[in-house]
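Inside the fold
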Amino acid sequence: MRFGIIGAGPIGTSISKKLVNNGHDVKIADAREIGHLEGKEIAGTPVSVEDVITNIDVLIISIPLHVVPSIRNIVSKAGEEVITVDTSNYYPFRDNKIEEIENGMVESVWVSNQLGRPIIKAFSNLLAYTLENKGTPEGTSGRIAMAIAGNDLSHKQKIMELVNELGFDTVDSGSLSDSWRQQPGTPAYCTELAKKELAEAIEKANKEKAPFLRDKVMENFSVAFSHKDIVNLNRETYNS
């Protein structure tokens, strides 16, 4: 398949490496200009953001939420048949406070509104390290699962098949409006759960508590934390 990725942060670069290693054609762009890719360890072909949306089957957007409105004019030029995937998560300290989300709008619904096109929410409830290093073959005991939400069942199924190929089980977490169940602050968020556990975590999600728990984790976060420490902190906090 042919992929375009906007965003060369930890998630975008991890996805690009997995895709290239699996034989896919990948272009990757920075939302600003191609010069911002210099010095980064990326897989695939670095291109301008204008070029990344041409001749692709799937567009993956992996940028901070506050940047999303700036790429609408670019994304609008992608064909209607292109599956658009949103990996983003809302953090007020980084994205500034977005009024609609603060008032209860689901994060990826806001993203879809900003882009003016339907999207699939995926690659959002696993850490970059998990994505890059902890995929396993289908059927592996305890295989980590990813939550995937969206309204287009055909598009969602294709992304679920892709995720399985990249080393993770999948759980259909419902429509885009249901994707709050995998947002930061919920038991499904970056807790490295197997399929059955993830399905249960999605059901346990509490929309009102999630922002508070999200911010609680950030208050306790340390740059010295190991990957395992981060996962354990998320598990302990988001299940409280």
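Within every chain, residues take consecutive numbers counted from 1 along the sequence as written. Restriction of local features to residues with pLDDT of at least 70 applies here, the model being predicted, together with a cutoff of 80 or more for giving and counting side-chain atom pairs; totals for whole chains, interfaces and linings are based on all residues. Each side-chain value is derived from all of the structure's non-hydrogen atoms; neither hydrogens nor water enter the calculation.

Considerations on the overall build of the protein
Keep this limit in mind: Strands here mean DSSP runs of E at least two residues long; helices mean DSSP runs of H or I at least four residues long; both are numbered from the N terminus. We compute the radius of gyration over the C-alpha atoms and compare it with the globule rule, which gives 2.2 Å times the number of residues raised to the power 0.38. Contacts were defined at the residue level, with two residues in contact if any of their heavy atoms lie within 4.5 Å. Throughout, the Shrake-Rupley method with a 1.4 Å probe supplies accessible areas, and for residues the shown protein chains are the sole cover considered. Residues counted as positive are Lys and Arg, residues counted as negative are Asp and Glu, and His and the chain ends are not counted. Note on charges: their place is set at NZ of Lys, CZ of Arg, CG of Asp or CD of Glu.
In terms of regular secondary structure, the protein is built from 10 helices and 8 strands. For the protein, whose C-alpha radius of gyration is 17 Å, the value lies close to the compact-globule estimate of 18 Å for 240 residues. Principal-axis analysis of the C-alpha atoms places the extent of the protein at approximately 45 × 45 × 40 Å. Excluding contacts between residues fewer than 6 apart, the proportion of contacts in the protein whose partners are at least 24 apart in sequence is 69%. Here the protein displays about 11,000 Å² of accessible surface, and carbon together with sulfur accounts for 48% of that area. Of the side-chain charges in the protein, 26 are positive and 33 negative, and the distance between the mean point of each set is 3 Å.

Observations concerning the packing of aromatic side chains
This is how the line gets drawn: A pair of aromatic rings is counted whenever rings of Phe, Tyr or Trp (Trp by its six-membered ring) have centres within 6.5 Å, and the orientation is called stacked for planes under 30 degrees apart, edge-to-face for over 60 and tilted otherwise. The cut-offs for exposure are 20% and 50% of the maximum accessible area for each residue type, with area from a 1.4 Å probe on protein chains only; residues under the lower value are buried, those over the upper are exposed, and the others partly exposed.
Following the criterion strictly, the structure yields 2 aromatic pairs and no others. Here the aromatic rings of Tyr189 and Tyr238 are separated by 6.2 Å at their centres, their planes lie at 55 degrees, and the arrangement is tilted. Taken as a pair, Tyr189 in the loop between β8 (169-172) and α8 (195-204) and Tyr238 in helix α10 (residues 227-238) lie far apart in primary sequence, 49 residues in all. For Tyr189, a relative accessible area of 8% puts it in the buried group. According to the relative accessible area criterion, Tyr238 is buried, its value standing at 4%.

Structural notes on the pattern of salt bridges
Put simply, the rule reads: Within this document, salt bridges are pairs made up of a side-chain nitrogen of Lys or Arg and a carboxyl oxygen of Asp or Glu, the two lying within 4 Å of each other.
In total, this model carries 9 salt bridges according to the counting rule given. Asp95 is the salt-bridge partner of Arg94, the closest N and O atoms lying 3.1 Å from each other. We classify Arg94 as partly exposed; its relative accessible area is 35%. Glu200 serves as the salt-bridge partner of Lys196, at 2.7 Å between the closest nitrogen and oxygen. Linking Lys196 with Glu200, this pair stays in helix α8, spanning 4 residues, or about one helical turn.

A word on the pairing of strand β1 (residues 2-6)
Formally: Pairing between two strands requires that DSSP report at least two bridges joining them. A clockwise path from the first strand over the helix to the second, with the strands pointing away from the viewer, defines a right-handed crossover.
Extensive coverage of β1 is indicated by the burial of 4 of its 5 residues. Direction of pairing for β1 relative to strand β2 (residues 25-29): parallel, over a ladder of 5 bridges. Following the sheet pairing, Arg2 is matched in β2 by Asp25. You can see the chain leave β1, run along helix α1 (residues 10-21) and come back into β2, and the turn it takes is right-handed. Relative to strand β4 (residues 58-61), β1 runs parallel, the two being bridged by 4 bridges. Its bridge partner being in β4, Gly4 is matched across the sheet by Leu59.

Focus on the sheet that holds β8
Reading across from one edge, β3-β2-β1-β4-β5-β6-β7-β8 is the order of the 8 strands in this open sheet, with mixed pairing throughout. The sheet terminates laterally at β3 (45-46) and β8, the two strands that pair on one side only.

Some words on α1
An α-helix turns once per 3.6 residues; consequently, residues spaced three or four apart project the same way. The line we're drawing: To estimate the expected span of a helix, count its residues, drop one, and scale the result by 1.5 Å.
Under the 1.5 Å per step criterion, the end-to-end length of α1 is 17 Å for 12 residues, consistent within 8% with the ideal 16 Å. Buried within α1 are the following residues: Ile11, Gly12, Thr13, Ser14, Ile15, Ser16, Lys18 and Leu19. Positioned one or two residues after α1, Gly23 has a phi angle of 85 degrees, which is positive.

Concerning the nonpolar core
It is characteristic of soluble globular proteins that their nonpolar side chains tend to be buried jointly. Rules: In plain words, nonpolar cores are sets of buried Ala, Val, Leu, Ile, Met, Phe, Trp, Tyr and Cys residues tied together by side-chain atoms within 4.5 Å.
Membership of the largest hydrophobic core comes to 31 residues, with the highest contact counts inside it found for Ile6, Leu59, Ile63, Ile71 and Leu115. Every element with two or more residues in this core is listed here: β4, α2 (72-75) and α5 (107-115). Apart from residues no more than four positions distant in its own chain, Leu115 is found in contact with Ile61, Val68, Ile71, Arg72 and Val75. Core analysis: the next-biggest nonpolar cluster, separate from the first, contains 28 residues, Ala8, Ile15, Leu126 and Leu131 among them.

Details of unusual backbone geometry
For Asn55, which is not glycine, the phi dihedral falls at a positive 55 degrees. Among the structural elements, Asn55 can be located in the loop between β3 and β4. Looking at Asn55, the relative accessible area reads 61%, which means it is exposed.

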